[in-house]
Amino acid sequence: MGNKGKRQKPSIGGILGSVEIIDRVGDVDEFGEWLQNEFGTKRSDKLLDGYKFFTETAFRVFLHQTIYSKFPLIQEDFVFFRARFEGVRLTSVPNTCEKTAFIKNINDHRRSLRKADSWEEVQTVLDDFKEEVVQPFQNLFENHTFANSDYEIEKAKLLRQKAIFQVFTRFNDVGDGYPNGYYITVLDTDLREERLESALEGYSRTLQFVWSQLVGDEVFKETCLSELHKSERWSYSINVFDESGGIPDERADLDRFFGEVEEGVVRPLEAENGVEIMDDVLFLDREVLEDFFTELTSRTQETGLDTQEEFDYQLLWYQVEFLRSTKIFNGVPAFISLMGGTVNQKKRFADGEKAYVCKFTHPVEPGNDYTYGVLVEASGSSGLADYSGWVMFYDCCGDYSGFSGSEHIQAETLIENHLERDEIILREMELEKDEFKEMVSDMTVGERGSQLSEELDQKSETNRRQTKLGKARGLLVELISYYYLTRKDHSSDNVDWNISFDAGELDVQVETPDEIRFIECKYDPSNQDWEYEFNKLEDKVREPESEKSRQGEFWFWSSPPQETVRRLEEEGYRYKVVSEVVRDAPEFRDKDLEHLMFVMEKIEQDEHRDLDEDIPLGEL
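The following paragraphs examine the structure supplied in this document. (Residues numbered from 1 in each chain as written. Predicted model: local features only at pLDDT ≥ 70, side-chain atom pairs only at ≥ 80, totals over all residues. Heavy atoms only, no water.)

### Structural notes on the overall build of the protein chain
Using the following cut-off: Secondary structure follows DSSP: runs of H or I at least 4 residues long count as helices, runs of E at least 2 residues long count as strands, and numbering of each begins at the N terminus. Accessible area is worked out with a 1.4 Å probe on protein chains only. A residue is then buried under 20% of its type maximum, exposed over 50%, and partly exposed in between. Any pair of residues with heavy atoms lying within 4.5 Å of one another is described as a contacting pair. Here the Shrake-Rupley method, with its probe set to 1.4 Å, supplies the accessible areas, and only the displayed protein chains count as covering residues.
If you tally the helices and strands in the protein chain, you get 20 helices and 13 strands. Put simply, the protein chain has 620 residues, and 51% of those count as buried. Within the protein chain, contacts between residues separated by at least 24 positions form 73% of all contacts whose residues are at least 6 apart in sequence. Carbon together with sulfur atoms contributes 44% to the accessible area of the protein chain, which is approximately 29,100 Å² in total.

Next comes the structure, spelled out in structure tokens:
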């Protein structure tokens, strides 16, 4: 249901706000004049490291907005989605779509900034960036962006508010000892202690400079913003706790200003404008035909992948399970059956999406042996966990003799037939057998020769634990969503979770005097049977007897792939990324999220954690 036919307009306030910050900070002479007029201080070389660190963080915030947003003018593909999901370093991602090319070209500007040794060189980098990136986005803002009709505020003021949101949450928040906006998994980092130490003063001064432009001279002088440069460290540590265990009254760290900025600057601004800084307020006109970013999306760089990186890329960074050809059923016949079944399943239940098949050619005398695989995309019974991976048929045929050769012909013929009917995507690579086995060892689950029985038992236990983990993650997404809604806009009286309907259980329901929102929570937005999910939510939306308007929504822990966003928009469903809410929303400020992030993102990597071990709720 969910207002079918009305597609959600692309919200671009976040990406425009990040561009605005770069534009504001991007004139070193203006920065120098401001220092002289405001503090009687010259723009000295000792401030250069901090200015560069702030500006690099601004580039990273812009990159984060581009990487994790569904900006429709820069297209991404499934390869990019998988690389982003797995946190693959940018240097290991081949150029397969516009977004990869765009991000790599932006990252070149960031790397040039890092290498700049003088104010003049920094300005050259910023001038190039403004011409190539800032100006097209400003054109987009002026001519193809409209404001939320709920607010009677000019869009330039709303843009400034989105920039303030980015500065507040990504630059003023330095609770981890560095800016919240600095770290991106796909980029290299440099957070050495000596770098942070040398950058602190220049960063604080630059932060003040940007704040003064965004809020005006009067607010700047009358609030704590004018005191940011007096910080002596980034954040407090346990070493400065007093004997009673509390934080000293007289703190000298930059992070101490976060709460003061929220209360003295952000909240009054929200009250004045009647708009919360997290709100979606700027949207892209869907009728944009002009290509603003041709140069940045078409200018590609050669990506020299080594053999291991190429191998990982061909397998889309999924894990592998082997079925060895010790029995005929485990060879080509099993591969053909699995490939055909997967193709048919995609046709019936995945809206015609293509199946993924891989082929590895192993040179031998007097020809080649082959390993085939099929990507089995599967989610748990709860729909909240992803168990996808490659089922591989190692060394199952050759092209040079007898029965093995006939099986190879059979396999290749059927692969070709599926390709001609545009039913599969074939990923292939040539690799020596020993090299193949060595590379796949870290990606393999399942059979291990003579230890087959033990491995099967272990696999069964692993599946049981993964099911428990999937259910636990799904429940956490529900509880986090419920907590956020009750703290942000609603009381617990009009927000409920885990509600029973005839059509099944609904995760979260929000009821206001005018509207009822029906929210389904999913840990992983990929590998869902969306036709089934849409029908199931539609039945729940229809069930209550009420004259109020109704809206179906999906809330995901991680950002959904672009194809999923398209389908949600076509069906008229809203969506929200809960991990971004946890990261940015003030409601989660000063909450201990370490254990939550461990469970939601890192637990698979920990072989020693017993999933049956109780984790006190207080630790979450």
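Here the narrative resumes, following the displayed structure.
### Examining the packing of helix 5 (residues 98-115) against helix 6 (residues 119-144)
To keep it simple, the criterion reads: With axes taken as lines fitted to C-alpha atoms, and helix axes fitted only over the stretch in contact, angles between N-to-C directions fall between 0 and 180 degrees. Any angle that falls under 35 degrees is termed roughly parallel, while one over 145 is termed roughly antiparallel, one within 65 to 115 roughly perpendicular, and all others oblique. Note on convention: near helix rotated counterclockwise from far helix by under a right angle means a left-handed crossing. Clockwise means right-handed. Each residue gets one label: Ala, Val, Leu, Ile, Met, Phe, Trp, Tyr, Cys and Pro are nonpolar, Asp, Glu, Lys and Arg are charged, and the others, such as Gly, are polar.
Running from amino to carboxyl end, helix 5 crosses helix 6 at an angle of 160 degrees, the nearest separation of the two axes being 8 Å. One element, helix 5, and the other, helix 6, form an angle in the roughly antiparallel class. Classified by chirality, the crossing of helix 6 by helix 5 is left-handed. Residues Phe102, Ile106, His109, Ser112, Leu113 and Lys115 of helix 5 lie in contact with helix 6, whose contacting residues are Glu121, Val122, Val125, Asp128, Phe129, Glu132, Val133 and Phe137. Of the residues in the contact of helix 5 with helix 6, the class split is eight nonpolar, two polar and four charged.

### Let's talk about the nonpolar core
This is how the line gets drawn: Only buried Ala, Val, Leu, Ile, Met, Phe, Trp, Tyr and Cys residues count toward a nonpolar core, and they belong to the same one when joined by side-chain atoms within 4.5 Å.
By size, the foremost hydrophobic cluster in this structure holds 88 residues, and its most contacted members are Phe62, Phe137, Phe171, Trp211 and Val261. Excluding residues within four positions of it along the chain, phenylalanine 171 makes contact with Ile21, Phe54, Thr57, Ala58, Val61, Gln166, Tyr203 and Leu207. Counting residues in hydrophobic clusters, the runner-up holds 25 residues, among them Leu305, Tyr313, Trp390 and Met429.

### Concerning the pairing of strand 9 (residues 495-501)
What counts, and what does not: Here, strands pair whenever DSSP counts at least two bridges between them.
Of the pairings in the sheet, the one linking strand 9 to strand 10 (residues 504-511) comprises six bridges and is antiparallel in character. Residue pairing for strand 10: phenylalanine 501 is matched across the bridge by glycine 504.

### As for helix 12 (residues 307-314)
Defined as follows: Polar contact criterion, stated in full: a pair of N or O atoms within 3.5 Å, where within protein one must be able to donate a hydrogen and the other to accept it, and residues adjacent in sequence count only if both atoms are side-chain atoms.
Looking only at helix 12, the buried set comprises Phe311, Asp312, Tyr313 and Gln314. For helix 12, the secondary structure elements touched by its buried residues are helix 4 (78-86), strand 4 (355-363), strand 6 (389-398), strand 7 (424-430) and helix 15 (433-440). The backbone nitrogen of glutamine 308 lies 3.2 Å from a side-chain oxygen of the residue at the head of helix 12, namely aspartate 306. Looking one or two residues past helix 12, leucine 316 carries a phi angle of roughly 55 degrees, positive in sign.

### Focus on the packing of aromatic side chains
Our working rule: A pair of aromatic rings is counted whenever rings of Phe, Tyr or Trp (Trp by its six-membered ring) have centres within 6.5 Å, and the orientation is called stacked for planes under 30 degrees apart, edge-to-face for over 60 and tilted otherwise. Here, a charge over a ring is recorded when the distance from Lys NZ or Arg CZ to the ring centre is within 6 Å and its angle to the ring normal is within 35 degrees.
Under the criterion given, the structure shown has 47 aromatic pairs. Ring geometry for phenylalanine 31 versus tryptophan 119: centroids 6.1 Å apart, planes at 35 degrees, classification tilted. Of the two residues, phenylalanine 31 is situated in helix 2 (residues 28-39) and tryptophan 119 in helix 6; the sequence distance between them amounts to 88 residues. Their ring planes at 35 degrees and their centres at 6.5 Å tell us that phenylalanine 556 and tyrosine 575 sit as a pair that is tilted. Residue phenylalanine 556 is located in strand 12 (residues 549-556), and its partner tyrosine 575 is located in strand 13 (residues 574-577); the two are separated by 19 residues in the primary sequence. The ring of phenylalanine 39 is capped by arginine 205, whose NZ or CZ atom sits 4.8 Å from the centre of that ring. Above the face of the tyrosine 313 ring, arginine 427 is positioned so that its terminal group lies 4.6 Å from the ring centre.

### Considerations on unusual backbone geometry
Along the chain, glutamate 365 connects to proline 366 via a cis peptide bond; the corresponding omega equals 10 degrees. Take proline 366: it is sitting in the loop between strand 4 and strand 5 (368-376). Positioned with a positive phi, leucine 316 is a non-glycine residue whose angle comes to about 55 degrees. A positive phi angle, near 60 degrees, is found at aspartate 422, a position not held by glycine. Residue placement: aspartate 422 occurs in the loop between helix 14 (402-420) and strand 7.

### Thoughts on the pairing of strand 6
Summarising burial for strand 6: nine of the ten residues are buried, a large majority. Judged from the seven bridges that link them, strand 5 and strand 6 form a sheet pairing that is antiparallel. Residue valine 374 lies in a different strand from strand 6, and its bridge partner there is valine 391.

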